[in-house]
Amino acid sequence: MREYKVVVLGSGGVGKSALTVQFVTGTFIEKYDPTIEDFYRKEIEVDSSPSVLEILDTAGTEQFASMRDLYIKNGQGFILVYSLVNQQSFQDIKPMRDQIVRVKRYEKVPLILVGNKVDLEPEREVLSAEGRALAQEWGCPFMETKKNCGTETECT
């Protein structure tokens with residue numbers, strides 16, 4: 001069975017764990033509990049073949065940033081998450097992507113840019129157009145998500 005290693009990166013509190021747990025288990029966790037490192041496995045189908053997706057949910061806090069090089073080195077694909085109600089979290093993902101490119105020594109690393117917390121639309125600080133433009137610059141897919149959007153659907 002083929003295995004894919006995906007690393008979820010973003011600032012603290014953007015919803016990395018909530019997105020990951022919702023994808024893996026189909027349930028949304030309401031309470032915020034800062035992550036140091038969590039590892040999940042989910043069986044998926046890729047090109048009509050059964051595969052295993054290994055997801056590493058990383059710490060968003062700066063005190064664990066030194067561990068990022070190791071996560072990146074071992075990852076095959078990346079999900080960069082920011083909170084659309086926090087402009088700083090959007091700014092924070094740019095150096096994370098730069099770090100991925102530096103560690104991987106390859107500009108076209110598989111990644112997805114995710115703007116999270118669409119359900120908090122009235123508090124939005126990052127426009128969809130900003131996320132789309134950044135994803136276009138990086139040549140990667142972009143989506144916005146919210147809680148309870150389901151496990152198999154995009155929430156845009």
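This text follows the structure it describes.
Summarised in this report is the structure supplied together with it. From a predicted model like this one, the values you see are computed outputs, not experimental measurements.

### Examining the overall build of the protein chain
Part 1 of the reasoning: Within the protein chain, the secondary structure is distributed over four helices and six strands.
Part 2 of the reasoning: Each helix (α) and strand (β) of the protein chain, taken in turn from the N terminus, gives the series β-α-β-β-α-β-α-β-α-β.
Part 3 of the reasoning: Evaluated residue by residue, the protein chain yields a buried proportion of 46% over its 156 residues.
Part 4 of the reasoning: Accessible surface, the protein chain as shown: approximately 8700 Å² in total, 51% of it carbon and sulfur.

### Looking at the packing of aromatic side chains
Part 1 of the reasoning: Overall, the coordinates contain one aromatic pair when judged by the stated rule.
Part 2 of the reasoning: A cation over a ring is seen here: K42 above F23, with NZ or CZ 4.6 Å from the ring centre.

### Description of helix 3 (residues 87-104)
Part 1 of the reasoning: Taking 1.5 Å of rise per residue, 18 residues should cover 26 Å, and helix 3 covers 27 Å from first to last C-alpha, within 8% of that figure.
Part 2 of the reasoning: Among the residues of helix 3, S89, F90, I93, M96, R97, Q99, I100 and V101 are the ones counted as buried.
Part 3 of the reasoning: The opening residue of helix 3, the one whose side-chain oxygen lies 2.9 Å from the backbone nitrogen of Q88, is N86.
Part 4 of the reasoning: Of the residues one or two after helix 3, R105 is the one with positive phi, at around 60°.

### Digging into the side chain of D57
Part 1 of the reasoning: Among the structural elements, D57 can be located in strand 3 (residues 49-58).
Part 2 of the reasoning: For the buried D57, no salt bridge is present, and the opposite-charge side chain at shortest range is K16, 5.6 Å distant.
Part 3 of the reasoning: At a separation of 2.4 Å, a polar atom in the side chain of D57 contacts the side chain of S17.

Quick notes on the rules
Numbering of residues starts from 1 in every chain and runs along the sequence as written. Only residues with pLDDT of at least 70 get local features here, since the model is predicted, and only at 80 or more are side-chain atom pairs given and counted; chain-wide, interface and lining totals rely on the full set of residues. In computing side-chain properties, one takes all heavy atoms of the structure into account and sets aside hydrogens as well as water. A run of H or I in DSSP becomes a helix once it reaches four residues, and a run of E becomes a strand once it reaches two; helices and strands are each numbered from the N terminus. Accessibility here uses a 1.4 Å probe with only protein chains present; expressed as a share of the type maximum, an area under 20% marks a residue as buried, one over 50% as exposed, and anything in between as partly exposed. For the area figures, the Shrake-Rupley method with a 1.4 Å probe applies, and any residue is considered shielded solely by the protein chains shown. Aromatic rings from Phe, Tyr and Trp, taking only the six-membered ring of Trp, are treated as a pair when their centres fall within 6.5 Å; an angle between ring planes under 30 degrees marks them as stacked, one over 60 as edge-to-face, and anything in between as tilted. Either the NZ atom of lysine or the CZ atom of arginine qualifies as a charge over a ring when it sits within 6 Å of the ring centre and within 35 degrees of the ring normal. To estimate the expected span of a helix, subtract one from its residue number and multiply by 1.5 Å. In protein, a polar contact requires one atom able to donate a hydrogen and another able to accept it; more generally it is a pair of N or O atoms within 3.5 Å, and residues adjacent in sequence count only if both atoms are side-chain atoms. For this count, His and the chain ends are skipped, Lys and Arg are scored as positive, and Asp and Glu as negative. For this analysis, a salt bridge means a side-chain nitrogen from Lys or Arg found within 4 Å of a carboxyl oxygen belonging to Asp or Glu.

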